[in-house]
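Examining the three-dimensional arrangement
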Amino acid sequence: MPIQLKRLLILGLVLVSIFFVLKYLLTPESFGQYGHYRGNALVENATHDAKYVGSEACVECHEDIVEEKTEGFHNTLACENCHGPGYMHVLDSENELQMPDSREFCAKCHAYNRARPANAITQIDIEDHNPEEKCIECHYPHQP
Amino acid sequence: MRNKEENLSRRRFIKKSGITVGSVLAASVIPSFNAVLFASEKPKGKGLWYGIAIDIEKCIGCGSCAKSCKIENDVPEEPFFFRSWVEQYTIKNDGSVEVVSPNGGIDGFTQTVPDDEIEKSFFVPKMCNHCYKSPCVQVCPVGATFESPDGVVLVDQTYCIGCKYCVQACPYGCRYIHPTTHVADKCTLCYHRLKKGLNPACMDNCPTTARISGDLNDPESELSKFIKTRNVYVLKPHLNTGSKLFYNALNQEVR
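Quick look at the overall build of chain B now. Looking only at helices and strands, chain B has eight helices and 11 strands in total. Scaling as 2.2 N^0.38, a compact globule of 255 residues should have a C-alpha radius of gyration of about 18 Å, whereas chain B reaches 25 Å, well beyond that. Expressed along its principal axes, the backbone C-alpha trace of chain B runs to roughly 95 × 50 × 40 Å. A total of about 13200 Å² of accessible surface is found on chain B, and carbon and sulfur atoms cover 56% of it. Where the 31 positive side-chain charges of chain B centre and where its 27 negative ones centre are 15 Å apart.

Let's shift gears to the sheet that holds strand S1 (residues 50–55) of chain B. Residue and element names in this part refer to chain B. What the four strands build is an open sheet, ordered S9-S1-S11-S10; its pairing is mixed. The outermost strands of the open sheet, each flanked by one partner alone, are strand S9 (211–215) and strand S10 (232–233). Summarising the sheet, S10 and strand S11 (residues 245–248) pair through two bridges and their orientation is antiparallel. Across the sheet, residue Tyr233 finds its bridge partner in S11, namely Tyr247. Relative to S9, helix H8 (residues 222–229) is tilted by about 115°, and along the sheet it contacts S1, S9, S10 and S11.

Our next topic: a negative patch on the surface. Taken together, the side chains of Glu63, Asp64, Glu67 and Glu71 of chain A present a region of like negative charge at the surface. You can call Glu71 of chain A exposed: its relative accessible area is 62%.

Further remarks concern the domain arrangement of chain A. Entries for chain A in the domain assignment read domain 1 (3–46) and domain 2 (100–139). The centre of domain 1 of chain A, based on its C-alpha atoms, is set 62 Å off from the matching centre of domain 2 of chain A.

Taken over all residues, the pLDDT of chain B has a mean of 91, while the share at 70 or more is 94%. The complex prediction reports pTM at 0.85, with the ipTM value standing at 0.87.

This part covers the interface of chain A and chain B. Taken together, the 35 residues of chain A in the interface contact 48 residues of chain B. For the pairing of chain A and chain B, the buried interface totals around 3300 Å² over both sides, and the portion due to carbon and sulfur atoms is 52%. Of all residues in chain A, Tyr52, Lys108 and Arg114 of chain A give up the largest surface area on contact with chain B, accounting jointly for 21% of the area buried on that side. Where chain A packs against chain B, one counts two salt bridges. A salt bridge links Arg38 of chain A to Asp156 of chain B, with the shortest nitrogen-to-oxygen separation between them at 2.6 Å. Here chain A is connected to chain B by 19 residue pairs in polar contact (both at pLDDT 80 or more). Mapped onto the side of chain A that touches chain B, the elements with two or more residues apiece are helix H2 (40–47), helix H4 (79–83) and helix H6 (103–110) of chain A. Among the residues making up the side of chain A that touches chain B, the classes are represented as 20 nonpolar, seven polar and eight charged.

Oppositely charged side chains may form a pair once their charged atoms are brought near each other. Residue and element names in this part refer to chain B. Scanning the entire structure with this criterion turns up 13 salt bridges over all chains. Its salt-bridge partner being Lys244, residue Glu147 comes within 3.8 Å of it at the nearest N-O pair. With Glu147 in strand S5 (residues 145–147) and Lys244 in the loop between S10 and S11, the pair connects residues that are 97 residues apart, well separated along the chain. According to the relative accessible area criterion, Glu147 is partly exposed, its value standing at 23%. One salt bridge in this structure joins Asp204 and Arg193, with 3.1 Å as the shortest N-O distance.

As for its placement among the helices and strands, Asn205 of chain B is situated in the loop between helix H7 (201–204) and S9. For Asn205 of chain B, a relative accessible area of 3% translates into the label buried. Filtering out sequence-adjacent residues up to four positions away, Asn205 of chain B remains in contact with Tyr52, Ala78, Glu80 and Asn81 of chain A together with Ser64 and Ser68 of chain B.

Residue and element names in this part refer to chain A. With 17 residues, helix H3 (residues 55–71) extends only 15 Å from end C-alpha to end C-alpha; this falls clearly short of the ideal 24 Å at 1.5 Å per step. The largest bend in H3 is about 120°, located at His62. Within the sequence span of H3, burial applies to Cys58, Val66 and Lys69. On its buried face, H3 sits against H4.

Let us look at the environment of Leu8 of chain A. Residues and elements named next belong to chain A. Looking at the secondary structure, you find Leu8 in helix H1 (residues 3–26). Take Leu8: its relative accessible area is 56%, and that puts it in the exposed class. Through-space distance from the C-alpha of Leu8 to that of Ile126 is 84 Å; in sequence the pair is 118 residues apart.

About the criteria used
Residues numbered from 1 in each chain as written. Chains lettered and ligands numbered in written order. Predicted model: local features only at pLDDT ≥ 70, side-chain atom pairs only at ≥ 80, totals over all residues. Heavy atoms only, no water. Helix = DSSP H or I, 4+ residues; strand = E, 2+ residues; numbered from the N terminus. Rg over C-alpha atoms; globule rule 2.2 N^0.38 Å. Areas by Shrake-Rupley, 256 points an atom, 1.4 Å probe, with all protein chains shown as cover. Lys, Arg positive; Asp, Glu negative; His and termini not counted. Charge placed at Lys NZ, Arg CZ, Asp CG, Glu CD. Pairing = 2+ DSSP bridges. Contact = heavy atoms within 4.5 Å. Axes fitted to C-alpha atoms, helices over the stretch in contact; angles between N-to-C directions. Patch = residues over 30% accessible without salt bridge, like charges linked within 9 Å, V, L, I, M, F, W, Y side chains within 5 Å. Salt bridge = Lys/Arg side-chain N within 4 Å of Asp/Glu carboxyl O. Buried < 20%, exposed > 50% of the residue type's maximum accessible area, 1.4 Å probe, protein only. Domains from an automatic or database assignment. pLDDT = per-residue confidence, 0-100. Buried area = accessible area lost by both parts, 1.4 Å probe. Polar contact = N/O pair within 3.5 Å; in protein donor to acceptor, adjacent residues only side chain to side chain. Nonpolar A, V, L, I, M, F, W, Y, C, P; charged D, E, K, R; others polar. Expected span 1.5 Å × (residues − 1). Bend = angle between axes of the 7 residues up to and from the residue.

So this is what it looks like as structure tokens:
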């Protein structure tokens, strides 16, 4: 074999081995475990805590209110929909939940809008329907 | 002399026919080219495979989904970033279409067009379609975004380099660059909740149960039954993204 070819061959081998060493060093742990990504990323995506704890958690202490609600029109509504996420409240009941009582809050669902399906929800003209009063003075939210 | 020529052309004819028939037979045995299969078929797999369905006929546009998503996933309130949001479509009598989404629908909607000018109007909740042929996954140069084995498109936030290529690639506008981490962020179908046995926050907080998520591979799941019994449609089917978000009663004006 001519000397220049031999040298080229050695150079080639060195470059190829450098490539493999770099590939080994730069590929993160668990890459390619399930596909072209880090397998650990699946676990990382699943670790953080849930903030909305679900109505099942509410029943444990507030059974009477939950029962009341299931008999009314708001039965499909999750407790946390109006009261906000309950993860802090579950840990310590000192952490109070939200008690929204503004007309605007009720209007998010019940103000007349042509796009709302008429049979799905009761709608009112928010300007016309007792404009000065809070909704909750006549309508009890758990059994509206 | 003449006989010899005839013999030669007969031999040539038999030879050529043999090659043709042989190659046709061989080609029929070899499986079709993968790219064609990829573009036309669903992946053959067993086990959990998440999909979503949204019933437009039930959506009242309260914005609970958008609000609970922001709270559950620490999506920045400002600027205008959403993993899940609601749009109001209004088709006017003259045929023009108006689309509004004030703060993603979180503060509710006020009708922008008077009743007598409206042909029809409806709400369209939007979120990541969790496509199985995701453009966003295909363009990622480092493998930081991927489809999980159970069919949820996720971002590896420690590995993402923030090149924004996926933000540009998503035809549904479902991705953004997080202002504090500076990497791509998107709907994870509340992967952390799914793994704890809970439903995604937007589904749990929908007052009219207009949103369902579930297992597409299970023919008995609520989702599979919903898809079977209704006229469902995906957004931008011509883009062949393999969207797994099925809408009931989707109007053709929706983009």
